[in-house]
Amino acid sequence: MSVKSRGVLIPSAVAMVLKKQKYQLVGRHSAVKRCHWFYKALTGRGHCYKQEWYNIRSHRCLQMTPCAVFCTNRCLPCWRLEPGDLGFEWDQMAILREDVDEPEEIVEECIRAQRRILTGFNPAHHQLVSEEKWREALEPKHAAISLAGEPTLYSELGGLIEAFHRRGMTTFLVTNGVVPERLEEIEEPTQLYLTLYAPSEDVYKQVCRPLLKDAWSRVVESLSLLRSFSCPTVVRLTLVKGLNFMEPEKYAELIKLAEPTYVECKSYVSVGMSLRRGLNNSNMVGVGELRLFAEKIGEELGYNIIGESVSSRVILLSKLSKPIKVA
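The present account deals with the structure reproduced in this document. Source: prediction; values computed, not measured.

Conventions and cut-offs
Along each chain, the written sequence defines residue order, and numbers are assigned to residues from 1. For this predicted model, a pLDDT threshold of at least 70 governs which residues receive local features, and a threshold of 80 or more governs which side-chain atom pairs are given and counted, while totals over whole chains, interfaces and linings are taken from all residues. Note that the side-chain values use all heavy atoms of the structure and ignore hydrogens as well as water. By convention in these notes, a salt bridge is any Lys or Arg side-chain nitrogen within 4 Å of a carboxyl oxygen on Asp or Glu. Comment: elements are numbered from the N terminus, with helices defined as DSSP H or I runs of at least four residues and strands as E runs of at least two. Only protein chains enter the accessibility calculation, which uses a 1.4 Å probe. A residue is then buried if its area is under 20% of the maximum for its type, exposed if over 50%, and partly exposed in between. Any two strands are treated as partners once DSSP identifies two or more bridges connecting them. Where helices are involved, their axes are fitted lines through C-alpha atoms of the stretch in contact, as for all axes, and angles between N-to-C directions lie from 0 to 180°. We call two residues in contact whenever any of their non-hydrogen atoms come within 4.5 Å of each other.

1. Points about the pattern of salt bridges
Evaluation of the coordinates by the stated rule reveals 19 salt bridges. In this structure, the salt-bridge partner of Arg218 is Glu181, at a minimum N-O distance of 3.0 Å. Of the two residues, Arg218 sits in helix α9 (residues 215-225) while Glu181 sits in helix α7 (residues 180-185), which places them 37 residues apart along the sequence. A relative accessible area of 38% places Glu181 in the partly exposed class. When the shortest N-O distance is used, the salt bridge between Arg218 and Asp214 registers 3.3 Å.

Encoded structure:
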């Protein structure tokens, strides 16, 4: 059955808000959106730290999700729209009970969505965009499977990764780790990120407001699974002053389970819907504080700082002397 002949899983009122926020909705449950660095790179005014470290060219990066409004958590620091925001409510786990779009359909429609976004950057009408970069951007090289929601709720995630790879694209999967059974079955992405929001279960419940009672034990299981991946792996800490910016030694103990290639210590950024949940600029971590925190984790793990981005407030730790250029 084709995408067009089935009902969209995203509630219509929520879809209207997402469209106003410049999301390109794809099929029944997926979405594409250009990020800040995509715009910067196209106009020659900078690029994402992932380009500097991992060679992910920002203007050729397709930021997408197969689970636009479906997630296992309702994290306080998340800038995305969640149930409870703006008076909306919906079942965030509904995608597990529904027929889903085929991976090839999603990939094809995501690329079309990216090209729709690029119509506004045509160098014939936009003097800051070069013809070369624009034409390169029309053929995305990297798929960041993140954006919103939790991608491991999509039952065909392995097929989605394979579909991107068949097009010669790299894949960078970001997960919250609550669905370890999906990580066990998927084809390996080019790089795998697991976001760790807390040093303990109590803090996790406060920050992430999980929908599953055993969410924390699932995260711990996923951390242990990371060791089995041959692709580069990343444990990313999203750190929020007043919530989870604490106990670096306990973070280190959890990270030891994963033996990741990298650890990214990244500050929360006060944007989007997180502001409606009581967070603000005072919850952001300064780069100096972040560096000291990262150094403490590095001491516990035997990792060194090998990268730093002041603009994105992120510190990169690894046993490597420099990041692997995977793309």
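2. Looking at the sheet that holds strand β8 (residues 262-267)
In spatial order, the strands read β1-β2-β3-β4-β5-β6-β7-β8-β10-β9; together these 10 strands make up an open sheet with mixed pairing. At either margin of the open sheet sits one strand with a lone partner, and together these are β1 (24-26) and β9 (304-309). For this sheet, the mean inter-axis angle between neighbouring strands, taken without regard to orientation, is 25 degrees. Bridge count for strand β2 (residues 30-32) against strand β3 (residues 61-65) is two bridges, and the pairing is antiparallel. Looking at β3, one finds that Val32 is bridged to Met64. α9 contacts β6 (191-196) and β7 (233-239) of the sheet and is inclined by roughly 145 degrees relative to β6.

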